[in-house]
Amino acid sequence: MDQILSAFFGMLVMGLLVGSLFLWWQAFKKLASGSPLLKPESRKPVPWGMVDLIVIFIITFGALVAGQSLAYRLFDIPLLGNEEEMNSHHLSVAIFSSSLSLLGACLVAVILLSIRGASWRDLGLQVRMLFSDVKLGGAAFVMLAPPMYFLQFLLTRLWPSEHPLQTLLLEDPQINVVLGAALTAVVVAPLTEEIFFRLIFQGWMEKWSTLTVKLQRGSYEMSPAGAAQSQRDVTAVFLGDQVARMVAGGGEPFEPMKEAPIQAKVSEDANISPVEPQAYVESENPYAPPAFESHVQDVQPAKSPMESEDAAHPPPRFWPVVVSAAIFAAMHLGHGPDPIPLFFLALGLGYLYQRTHRLLPCIMVHFLVNSLSMVALIAFLLSGQEPP
């Protein structure tokens, strides 16, 4: 059995290494040619605001506390923070209650955002891109997983991992705990964490960064229309698009403001048609009078900064990706060196979302990473060995 497992994981690791090196080499060639690694897809900022984040945080925290309290009352489960008092039965019940609480909070959050005006695209779902997103997620996993696992391997040589679930599974590998851990790691965590961290939190921070970019560029006109647009955008960042429409006269937040076309001023009293533009024609005779050519092709005036899509919806800065990754890693503090490799994994997940604004590639990467980790842990449990 040990030989079969060793051979299986040896081939798996070799395949991942070869695939990762190949994809990173292709990525470096693409970047060296001046092309982006992933072409950013244009999309309006998300319709929710800071107030929605606060409400969702309260709902999630309340759901976790309620689930833990209910488990404590029904099954005599120790409260959070007393994991050392838990046995395998306690832990399995706590895992299931936490998973159900997170899934319930996630469902309520999605319903709330839908009520607040979020479309399926705002929620990161595009059915027509399903197959492409699965492929993109698989490729991103092959690129990100080997460096992350290698970094974790190096760090655990100096700083042993202290994940409480892994410790309990190694001490008392009960089937109910294994199933609960597998359900949480493979299904609940990829779905809920990507919705909370990438979609809701990073999506809002990208909206905030878009506003700061527009303010720094001076994209708003010095006019009543520009002031109204600025008020709508600021209100949308903090209170959401629905409130912004009500507060600022019903206009759309983060919409480009179109300037009126430049027209020739003609006297109302004189029936004079505008003079056609004429182009100067250079003559071969230096002493000849200047000649002009009429009926030339109309020259379109250059668009103002607010007429271009990039100015109306400028690409967000990278700092929202870093902040969401840092908070994601901080949520795993107390697990030894795990937050460090998880931070770099989250950078890749955040980059995927920033470029595509779709959730499936991020969920796919998260699912594959956690699935491989669970398979490896179960394999070590079956062999009676401790993970490296």
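Residues numbered from 1 in each chain as written. Predicted model: local features only at pLDDT ≥ 70, side-chain atom pairs only at ≥ 80, totals over all residues. Heavy atoms only, no water.

Draft legend 1. Summary view of the overall build of the protein chain. Looking only at helices and strands, one finds 12 helices and 2 strands in the protein chain. For the protein chain, the sequential pattern of α-helices and β-strands runs α-α-α-α-α-α-α-α-β-β-α-α-α-α. For the protein chain, the residues scored as buried account for 40% of the 388 residues in total. Restricting to contacts in the protein chain with at least 6 residues of sequence separation, those with at least 24 account for 76%. Roughly 22,300 Å² of accessible area belongs to the protein chain as shown, and the carbon and sulfur atoms make up 67% of that amount. (Helix = DSSP H or I, 4+ residues; strand = E, 2+ residues; numbered from the N terminus. Buried < 20%, exposed > 50% of the residue type's maximum accessible area, 1.4 Å probe, protein only. Contact = heavy atoms within 4.5 Å. Areas by Shrake-Rupley, 256 points an atom, 1.4 Å probe, with all protein chains shown as cover.)

Draft legend 2. Geometry of the environment of Leu64. Structurally, the position occupied by Leu64 is in helix H2 (residues 50-75). With relative accessibility at 29%, the residue Leu64 sits in the partly exposed group. Here the alpha-carbon distance between Leu64 and Ala105, two residues 41 residues apart in the chain, equals 8.5 Å. Once residues lying within four places of it in the same chain are set aside, the contact partners of Leu64 are Ser98, Ser101 and Leu102.

Draft legend 3. Molecular detail of the pattern of salt bridges. Under the criterion given, the structure shown has 6 salt bridges. Note that Arg358 and Glu41 form a salt bridge whose closest N and O atoms lie 2.7 Å from each other. Here Arg358 is found in the loop between helix H11 (339-356) and helix H12 (360-383), whereas its partner Glu41 is found in the loop between helix H1 (2-32) and H2, with 317 residues between them in sequence. Two residues, Glu194 and Arg198, come together in a salt bridge whose shortest N-O distance is 2.8 Å. Here Arg198 and Glu194 lie together in helix H6 (residues 175-217), a separation of 4 residues that amounts to about one turn. Note on Glu194: relative accessible area 0%, which makes it buried. Three or more residues are tied together by salt bridges with common partners; here these are Glu41, Asp133 and Arg358. (Salt bridge = Lys/Arg side-chain N within 4 Å of Asp/Glu carboxyl O.)

Draft legend 4. Focus on the side chain of Thr356. By secondary structure assignment, the location of Thr356 is in helix H11. Residue classification places Thr356 among the buried positions, given a relative accessible area of 5%. Among the polar contacts listed, one links the side chain of Thr356 to the backbone oxygen of Leu352, at a separation of 2.8 Å. Sequence-distant contacts of Thr356, defined by excluding residues within four places in its chain, comprise Glu41, Leu136 and Pro361. (Polar contact = N/O pair within 3.5 Å; in protein donor to acceptor, adjacent residues only side chain to side chain.)

Draft legend 5. Structural view of the packing of H6 against helix H10 (residues 319-330). H10 packs onto H6 with a crossing angle of 145° between their chain directions and a minimal axis gap of 9 Å. Read as a crossing pair, H6 and H10 show a hand that is right-handed. For the pair formed by H6 and H10, the contact residues are Glu193, Phe197, Arg198, Phe201, Gln202, Met205, Glu206, Trp208 and Ser209 on the first element and Trp319, Pro320, Val321, Val323, Ser324, Ile327 and Phe328 on the second. (Axes fitted to C-alpha atoms, helices over the stretch in contact; angles between N-to-C directions. Left-handed = near helix turned anticlockwise from the far one by under 90°.)

Draft legend 6. Quick peek at a nonpolar patch on the surface. On the surface, a nonpolar cluster with roughly 330 Å² of combined accessible area is contributed by Val51, Val55, Val234, Phe238 and Leu239. Of all the secondary-structure elements, those providing two or more residues to the nonpolar patch are H2 and helix H7 (224-239). With 3 residues, the single largest contributor to the nonpolar patch is H7. Mapping Val234 onto the fold places it in helix H7. (Patch = residues over 30% accessible without salt bridge, like charges linked within 9 Å, V, L, I, M, F, W, Y side chains within 5 Å.)

Draft legend 7. Fine view of helix H4 (residues 130-158). Here H4 contains 29 residues, and its C-alpha end-to-end distance of 41 Å stays within 8% of the 42 Å for a straight helix at 1.5 Å per residue. Its axis deflected by about 30° at Leu144, H4 carries its strongest bend there, up to four residues before the proline Pro146. (Expected span 1.5 Å × (residues − 1). Bend = angle between axes of the 7 residues up to and from the residue.)

Draft legend 8. The arrangement of the confidence of the model for the protein chain in detail. Within the protein chain, residue pLDDT values average 80, and 75% of them lie at 70 or more. Contacts of residues 257-275 to residues separated by more than four positions or lying in other chains number 15 contacts, the stretch itself having pLDDT below 50. Below pLDDT 50 for its whole length, residues 294-312 participates in 27 contacts with residues either more than four positions away or in separate chains. (pLDDT = per-residue confidence, 0-100.)

Draft legend 9. Layout of the nonpolar core. By size, the foremost hydrophobic cluster in this structure holds 49 residues, and its most contacted members are Trp48, Phe196, Leu199, Ile200, Leu345 and Val365. Only H2, helix H3 (88-115), H4, H6, H7, H10, H11 and H12 provide two or more residues apiece to this core. In terms of residues, this core owes the most to one element, H6, which gives 9 residues. (Core = buried A, V, L, I, M, F, W, Y, C linked by side-chain atoms within 4.5 Å.)

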